[in-house]
Number of protein chains: 2
Amino acid sequence: MPDTPATHSDRVVVLAHGQFPGRAKTAVGVLKYSDSDVVAVLDRERAGTAAADHRSDLPDVPIVASMDNAPAADTLLIGIAPIGGGFDESWRPDVRTAIERGCDVVAGLHYFLAADDEFAALAAEHGVSLRDVRRPDPDIGVAGGRSATVDADVVLTVGTDCSVGKMTVALELVDAARERGVDAGFVPTGQTGIVIAGWGTPVDRVVSDFTAGAVEAMISEASDDHDVLFVEGQGSIVHPAYSAVTCGILHGAMPDAMVLCHEAGREVVHGYESFDLPPVPEYVDRYEQLAAPVHDSEVVAGAVNTSGIDADGEARAAADDYADAIGAPATDPIRFGADAILDPILGGR
Amino acid sequence: MPDTPATHSDRVVVLAHGQFPGRAKTAVGVLKYSDSDVVAVLDRERAGTAAADHRSDLPDVPIVASMDNAPAADTLLIGIAPIGGGFDESWRPDVRTAIERGCDVVAGLHYFLAADDEFAALAAEHGVSLRDVRRPDPDIGVAGGRSATVDADVVLTVGTDCSVGKMTVALELVDAARERGVDAGFVPTGQTGIVIAGWGTPVDRVVSDFTAGAVEAMISEASDDHDVLFVEGQGSIVHPAYSAVTCGILHGAMPDAMVLCHEAGREVVHGYESFDLPPVPEYVDRYEQLAAPVHDSEVVAGAVNTSGIDADGEARAAADDYADAIGAPATDPIRFGADAILDPILGGR
């Protein structure tokens, strides 16, 4: 599939200084979902503990203070993204050491490591690659309207808002499908998903005219290797700022089925609180009607983020209410597993 | 409004070698709609004639063979855009002469004149500017959802497909509104409109996450100077490749009213002929429902391109049929003037 799947089957060290696990979304995602072998987490404030000490759903990977203390590895992955996407100079010794030890370095920052004079020279000297996944492929172009013709089934996670869990739901569905023996693949569209998957195009960073084309190119590539593709959606179709990306992903992916993601209790647009979210049932029609002229698609299941609800019983009730609202099976895939919504998504496969 | 409105009130020479007027959309647009004074067209194949000899709706501007034969001017504008957006080396002597004569040069090409070593050095030497309008402003960012709060009324042209006349309709509406004494402004979103207007951001070229933000920034800027803004729409909401830009412009502009543009007889997506256009009446609901969660907006009028119909009577009948289909007044603004649809658009202003 990708020619340089940096984190696939590699031994990976994940940098997450001072932010693990609560503010290290990428690091946690790699630990939970990546196919590669995470051998250590770098967090100088939590050195001596293990990832599993902090979150029970994470593997028993050691946390060490610096690259000097890390075991043998092939890749250093920057697993945190500061606001603004800058490079924290306190990370420089770890990146330097990694390169000197022959590791590739993967980052999803706005600051491109390959444009850093010291890192570029050092990487050339040691024959390793610096992969800035936020830099879009310059070959991306306009869509041809061809995603419906690929052999794989395409499932897209769509949302009632941004930051409701569309990436995580897609990753959970991939895992659940694989457990059933289905050859499922993940198609990332944002830098966190790309770092986790080790390949992909940041669809939110491409030229706007190429939004659908960027998704189409990834689906074309991934469909050769998998029977079902789970595409990470972004934003929402009612979002004042990000709806363009949402719409481009929908028409570029031409999904056979959609999973509507929501956060229980959310009523206004995150970060744009003067904008009310429409009632949940309306979203089903909105997404299906927007998809239809390009490709018929149905919301076949729902995923609701209940992390703000303490009691499991209440969370289950919230999921049931959500299922009623959208007229399709729904669950919280993180809390209760994704298997419960897999049947309608796989469509008897 | 813009700090360097290159073609406003300037004396402008428009380059259109070999393509005037049929394949010189930008040159024709500047001649018809620009506020600046076009003093000559460059077309070596038609030198010695005048623009009005080729199209009756164009002014009596002389066509000359090269910049050496052109009258005094402040600006040379590249008025044709070859497929691929390249620079034709046969234009080099004209650009060189223009710079040496102290003219600014404005272009909407993918090839940036400012990145051409010879032109850059020559421009520095002669103190003129090279304005590549296709290069987006690096300061553009995400939308804040603020366009509805500007003092000006905002009218957006939307379409049943791409290439149905959304830019031209917006420009005709600006002219018609000004004839009624309304202070109307044009907000361009593509390179042709930008070259005609002398300012603007190519919304189809910005980072996809900034699509709505790019429109919002222009509306914020232009609303200080005008009472009514006519925003150039792009693509269509059912387009397999370009719907992202359409959606971003709609939510970024937060229009008070929309004008639905269509080409009479078109039934499939231009360039994507395996995709049928939905029935025309459906578009009214599609655009209004897509707009509603961000800002309530109505399709108040229609514009139909009847250039493929010879007889005026048939064209009028097509416009009447179109008005019935969308349930709003409609005309062909190029053929019959835009005044007939201005009342519902201006809303009693």
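Residues numbered from 1 in each chain as written. Chains lettered and ligands numbered in written order. Predicted model: local features only at pLDDT ≥ 70, side-chain atom pairs only at ≥ 80, totals over all residues. Heavy atoms only, no water.

**Overview of the overall build of chain A**
Here's step 1: Within chain A, the secondary structure is distributed over 12 helices and 14 strands.
Here's step 2: Against the globule reference of 20 Å for 349 residues, chain A gives a C-alpha radius of gyration of 20 Å, in line with a compact fold.
Here's step 3: Expressed as lengths along the three principal axes of its C-alpha atoms, the size of chain A is roughly 55 × 50 × 45 Å.
Here's step 4: Buried residues in chain A amount to 60% of all 349 residues.
Here's step 5: Taking all contacts inside chain A whose residues are at least 6 apart in sequence as the whole, residues at least 24 apart take part in 73%. (Helix = DSSP H or I, 4+ residues; strand = E, 2+ residues; numbered from the N terminus. Rg over C-alpha atoms; globule rule 2.2 N^0.38 Å. Buried < 20%, exposed > 50% of the residue type's maximum accessible area, 1.4 Å probe, protein only. Contact = heavy atoms within 4.5 Å.)

**Topic: the nonpolar core**
Nonpolar side chains tend toward joint burial in soluble globular proteins.
Here's step 1: Within the largest apolar cluster, 252 residues are counted, with the highest numbers of intra-cluster contacts made by F20(A), F230(A), F20(B) and F230(B).
Here's step 2: The residues touching F230(A), leaving out its near neighbours within four places in the chain, are V155(A), A170(A), L173(A), V174(A), A177(A), A184(A), G185(A), F186(A), V187(A), I345(A) and L346(A). (Core = buried A, V, L, I, M, F, W, Y, C linked by side-chain atoms within 4.5 Å.)

**With respect to the confidence of the model for chain A**
Here's step 1: On average, residues of chain A carry a pLDDT of 94, and 97% of them reach 70 or more.
Here's step 2: This stretch, residues 1-8 of chain A, has a pLDDT under 50; its non-local contacts, to residues over four places away or in other chains, come to 25 contacts. (pLDDT = per-residue confidence, 0-100.)

**A look at the sheet that holds strand β3 (residues 63-64) of chain B**
Residues and elements named next belong to chain B.
Here's step 1: Reading across from one edge, β3-β2-β1-β4-β5-β6 is the order of the six strands in this open sheet, with parallel pairing throughout. What marks the edges here is a single partner per strand, and that holds for β3 and β6 (130-132).
Here's step 2: Packing of helix α3 (residues 92-100) onto the sheet brings it into contact with β1 (11-15), β2 (37-42), β4 (75-78), β5 (104-107) and β6, and relative to β4 it is tilted by some 155°. (Pairing = 2+ DSSP bridges. Axes fitted to C-alpha atoms, helices over the stretch in contact; angles between N-to-C directions.)

**What to know about the interface of chain B and chain A**
Here's step 1: Each side of the interface is counted separately: chain B has 35 residues, and chain A has 35 residues.
Here's step 2: For the chain B face of the interface with chain A, the top three residues by lost area are S208(B), D209(B) and P293(B), together amounting to 19%.
Here's step 3: Between chain B and chain A we count 14 residue pairs in polar contact (both at pLDDT 80 or more) in total.
Here's step 4: Elements with a minimum of two residues in the side of chain B that touches chain A: α7 (211-222), α8 (243-253), β12 (272-276) and α9 (280-291) of chain B. (Buried area = accessible area lost by both parts, 1.4 Å probe. Polar contact = N/O pair within 3.5 Å; in protein donor to acceptor, adjacent residues only side chain to side chain.)

**Focus: the sheet that holds strand β10 (residues 257-263) of chain B**
All names here are of chain B.
Here's step 1: If you trace the six strands from one edge of the open sheet to the other, you get β8-β9-β7-β10-β13-β14, paired in parallel fashion. Whereas interior strands pair on both sides, the edge strands pair on one side only; in this sheet they are β8 (184-187) and β14 (330-331).
Here's step 2: Against the sheet, helix α10 (residues 312-326) touches β10, β13 (298-305) and β14, its axis set at about 155° to β13.

**Considerations on the domain arrangement of chain A**
All names here are of chain A.
Here's step 1: Here chain A is partitioned into domain 1 (11-132) and domain 2 (147-346).
Here's step 2: Relative to domain 2, the C-alpha centre of domain 1 lies at a distance of 28 Å.
Here's step 3: In this assembly, 12 residues from domain 1 lie in contact with 13 residues from domain 2.
Here's step 4: Buried surface at the junction of domain 1 and domain 2, summed over both partners, amounts to about 1,100 Å²; 60% is from carbon and sulfur atoms.
Here's step 5: Residue K32 pairs with E172 through a salt bridge whose shortest N-O separation is 3.6 Å.
Here's step 6: Joining domain 1 to domain 2, the criterion identifies two residue pairs in polar contact (both at pLDDT 80 or more).
Here's step 7: With six residues, the single largest contributor to the side of domain 1 that touches domain 2 is helix α1 (residues 25-33).
Here's step 8: For the side of domain 1 that touches domain 2, the residue count by class is three nonpolar, five polar and four charged. (Domains from an automatic or database assignment. Salt bridge = Lys/Arg side-chain N within 4 Å of Asp/Glu carboxyl O. Nonpolar A, V, L, I, M, F, W, Y, C, P; charged D, E, K, R; others polar.)

**Overview of the UniProt feature "domain: D-glutamate N-acetyltransferase-like N-terminal" (unreviewed entry) in chain A**
Here's step 1: Cross-referencing UniProt, the feature "domain: D-glutamate N-acetyltransferase-like N-terminal" (unreviewed entry) maps to residues 44-136 of chain A in the present numbering.
Here's step 2: In the segment residues 44-136 of chain A, helix accounts for 25% and strand for 14%; the C-alpha atoms at its two ends are 32 Å apart. (UniProt positions renumbered as here; feature names shortened; annotations may be inferred.)

**Regarding the side chain of S147(A)**
Residue and element names in this part refer to chain A.
Here's step 1: Structurally, S147 is set in the loop between β6 (130-132) and β7 (153-159).
Here's step 2: In this structure S147 comes out as buried when scored by relative accessible area, which is 3%.
Here's step 3: The residues touching S147, leaving out its near neighbours within four places in the chain, are E216, I219, G252, A253 and M254.

**Structural notes on a negative patch on the surface**
Here's step 1: A contiguous patch of negative charge on the surface is contributed by D151(A), D183(A), D224(A), D225(A) and D227(A).
Here's step 2: For D183(A), a relative accessible area of 34% puts it in the partly exposed group. (Patch = residues over 30% accessible without salt bridge, like charges linked within 9 Å, V, L, I, M, F, W, Y side chains within 5 Å. Areas by Shrake-Rupley, 256 points an atom, 1.4 Å probe, with all protein chains shown as cover. Lys, Arg positive; Asp, Glu negative; His and termini not counted. Charge placed at Lys NZ, Arg CZ, Asp CG, Glu CD.)

**Re the relation of the copies chain B and chain A**
Here's step 1: Mapping chain B onto chain A is achieved by rotating through 180° and translating by 0.1 Å along the same axis, at an RMSD of 0.1 Å. The transformation relating the two chain copies, once decomposed into turn and shift, fits a two-fold axis.
Here's step 2: Interface residue correspondence from chain B to chain A reaches 100%, placing this contact among same-surface, isologous pairings. (Least-squares fit on C-alpha atoms with pLDDT ≥ 70 in both.)

**Considering α3(B)**
Residue and element names in this part refer to chain B.
Here's step 1: Turning to α3, its buried residues are R92, D94, V95, T97, A98 and I99.
Here's step 2: Tucked into the core, α3 has its buried residues touching β1, β2, β4, β5, α4 (117-126) and β6.
Here's step 3: Trailing α3 by a residue or two, G102 shows a phi angle of about 90°, which is positive.

**Structural notes on unusual backbone geometry**
Here's step 1: Cis geometry marks the peptide bond from F20(A) to P21(A); its omega dihedral reads -5°.
Here's step 2: Structurally, P21(A) is set in the loop between β1 (11-15) and α1.

**Quick word on the environment of T211(A)**
Here's step 1: Secondary-structure assignment places T211(A) in helix α7 (residues 211-222).
Here's step 2: Distance from T211(A) to D94(A), taken between C-alpha atoms, is 35 Å for residues 117 residues apart in sequence.
Here's step 3: Here T211(A) is in contact with V203(A), V206(A), A244(A), V245(A), G248(A), I249(A), S208(B) and A244(B), once residues within four sequence places are set aside.
Here's step 4: Only 2.6 Å separates the side chain of T211(A) from the backbone oxygen of S208(A), close enough to count as a polar contact.

**Quick notes on the packing of aromatic side chains**
Here's step 1: The tally for this structure, following the rule as stated, stands at eight aromatic pairs over all chains.
Here's step 2: Between F87(B) and W91(B) the ring centres are 5.5 Å apart and the planes differ by 85°, which places this aromatic pair in the edge-to-face class.
Here's step 3: The class of F87(B) is buried, set by a relative accessible area of 12%.
Here's step 4: Judged by relative accessible area, W91(B) falls into the buried class, the value being 2%.
Here's step 5: Through a chain of ring-to-ring contacts, the aromatic side chains of F87(A), W91(A), Y111(A) and F119(A) assemble into a single cluster.
Here's step 6: The residue whose ring lies beneath R316(A) is F336(A), and the NZ or CZ to ring-centre distance is 3.9 Å.
Here's step 7: The aromatic ring of F119(B) is capped on one face by R92(B), whose charged end is 4.5 Å from the ring centroid. (Phe/Tyr/Trp six-rings, centres within 6.5 Å; stacked < 30°, edge-to-face > 60°. Lys NZ or Arg CZ within 6 Å of the ring centre and 35° of its normal.)

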